[in-house]
Amino acid sequence: MRVVFFGTAGAVQDAADSNVCFAVRADGCSFLVDASGSPVHNLIKAGLDPLSLDALVLTHSHADHIYGVPSLIHNLWLMKRSKPLQIISNPPTSAKTMELLECFGLLKKEGLFPIEWIDGEKGVVEMAASLNLKLFPVQHSIPTSGIRVEERAVVFVYTSDTAPFDGLFAASRDCQVLIHEASGDISREKYLNQAGHSSARQAGEAAARSGVGRLFLCHFDYFAGPSPRDLLKEAQASFNGDVVIPELFQEYMIRDA
Ligand SMILES: [Zn+2]
């Protein structure tokens, strides 16, 4: 299973970084997790064919996670895509995304490819013969889903935006990689948690409790700081495994331990 990040920033972008968004490739299937920046530009830059994209997984309806959806659908329509696209999310996120698409009249475009809206918290979604995906609720300021992706024994979990919560440990059982948000450092922990976010220390703690070997940090706040480099050190103090600040457009292989 391979993951490539198109952005690792929180809500505020930086010259060298866009909002958190990444693509996953496994078992002949590809999907995008959240849609920010320029999705089609990013897919092509990463060597992925937008016309063969199987699904779009949306974690929640905050602007920084879904503002790219209209551009993605508009591009795919102009590119004469015919293959159906699954949009997998929780129901409030689907409803807000539909509103966003209706705002631009995109759902009424002549010849638009079929869009299949799937409630990913309702049950396991079979993406391919050996690839399953399941959404689970996390602790944020609006209904938000984390994602568990399994390709046989290879498993990763993405928290999306969340404060620390106990349910993560059941969701991340037998998981090798945890992709966890780190919206700030320990000095802002109280504020972060109240706003439904986590510090780098808490991301490290979650990785240690989950028993994963590798932790990817994301959702950096370049406006309030500190730098991702400092957050990496903070997470390393509470987690003995490998902590990674993802390089954009570098493909990371997720393997069985
Ligand atoms: Zn959010």
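Look up: the structure comes first, before these words.
Residues numbered from 1 in each chain as written. Predicted model: local features only at pLDDT ≥ 70, side-chain atom pairs only at ≥ 80, totals over all residues.

### As for the packing of helix α3 (residues 69–78) against helix α4 (residues 91–103)
At their nearest, the axes of α3 and α4 sit 9 Å apart, and the two run at 55 degrees to each other. Judged on the interaxial angle alone, α4 and α3 are oblique. For the pair α3 and α4, the crossing hand works out as right-handed. For the pair α3 and α4, the contacting residues are Val69, Pro70 and Ile73 in the first and Thr97, Leu100 and Leu101 in the second. Residues that form the contact of α3 with α4 fall into these classes: five nonpolar, one polar and no charged. (Axes fitted to C-alpha atoms, helices over the stretch in contact; angles between N-to-C directions. Helix = DSSP H or I, 4+ residues; strand = E, 2+ residues; numbered from the N terminus. Parallel < 35°, antiparallel > 145°, perpendicular 65-115°, else oblique. Left-handed = near helix turned anticlockwise from the far one by under 90°. Contact = placed C-beta atoms within 7 Å. Nonpolar A, V, L, I, M, F, W, Y, C, P; charged D, E, K, R; others polar.)

### Section: the sheet that holds strand β3 (residues 29–33)
With mixed pairing, seven strands are arranged side by side in an open sheet as β6-β5-β4-β3-β2-β1-β14. Where the open sheet ends on each side, the last strands, each with one partner, are β6 (115–119) and β14 (251–253). Adjacent strand axes in the sheet meet at a mean angle of 25 degrees, parallel and antiparallel pairs treated alike. Each of β5 (85–89) and β6 is contacted by α4, which is oriented at about 130 degrees to β5, the strand it contacts most. (Pairing = 2+ DSSP bridges.)

### Focus: the sheet that holds strand β12 (residues 214–218)
With respect to topology, seven strands assemble into an open sheet ordered β7-β8-β9-β10-β11-β12-β13, the strand pairing being mixed. Since the sheet does not close on itself, it has two edges, and those belong to β7 (125–128) and β13 (242–244), each with one partner. Averaged over all pairs of adjacent strands, the angle between their axes in this sheet comes to 20 degrees, without regard to strand direction. As defined by bridge partners, strand β8 (residues 131–137) adjoins strand β9 (residues 145–151) across seven bridges and the pair is classed as antiparallel. Looking at β9, one finds that Lys134 is bridged to Arg148. Running at roughly 155 degrees to strand β11 (residues 177–181), helix α7 (residues 200–210) makes contact with β11 and β12 of the sheet. On top of the sheet, helix α8 (residues 228–238) reaches β12 and β13; it is set at about 145 degrees to β12, its chief contact.

### Remarks on α3
Among the residues of α3, those classed as buried are Val69, Leu72, Ile73 and Leu76. Buried residues of α3, seen end-on, are gathered within an arc of 95 degrees and therefore sit on one face of the element. Looking at the buried residues of α3, the elements they touch are α1 (39–45), β4 (55–57), α2 (63–66) and α4. One or two steps after α3, the chain reaches Lys80, where phi turns positive at roughly 60 degrees. (Buried ≥ 20, exposed ≤ 12 C-beta atoms within 10 Å, placed from the backbone. Arc of directions from axis to C-beta.)

### A closer look at the environment of Asn19
In this fold, Asn19 is placed in the loop between β1 (2–7) and β2 (21–26). On the basis of neighbour count, Asn19 is assigned to the buried category, with 24 C-beta atoms found within 10 Å. Non-local contacts of Asn19, meaning those with residues more than four positions away in its chain, are made with Gly7, Ala9, Ala11, Gln13, Ser36, Gly37 and Asp64.

### Regarding the environment of Val33
Here Val33 lies in strand β3. Along the chain, Val33 and Cys21 lie twelve residues apart, while their C-alpha atoms are 5.8 Å from each other. Contacts of Val33, omitting those with residues within four sequence positions, involve Cys21, Phe22, Val24, Val57, Ile147 and Tyr158.

Note that all results are geometric; they support no functional claim without further evidence.
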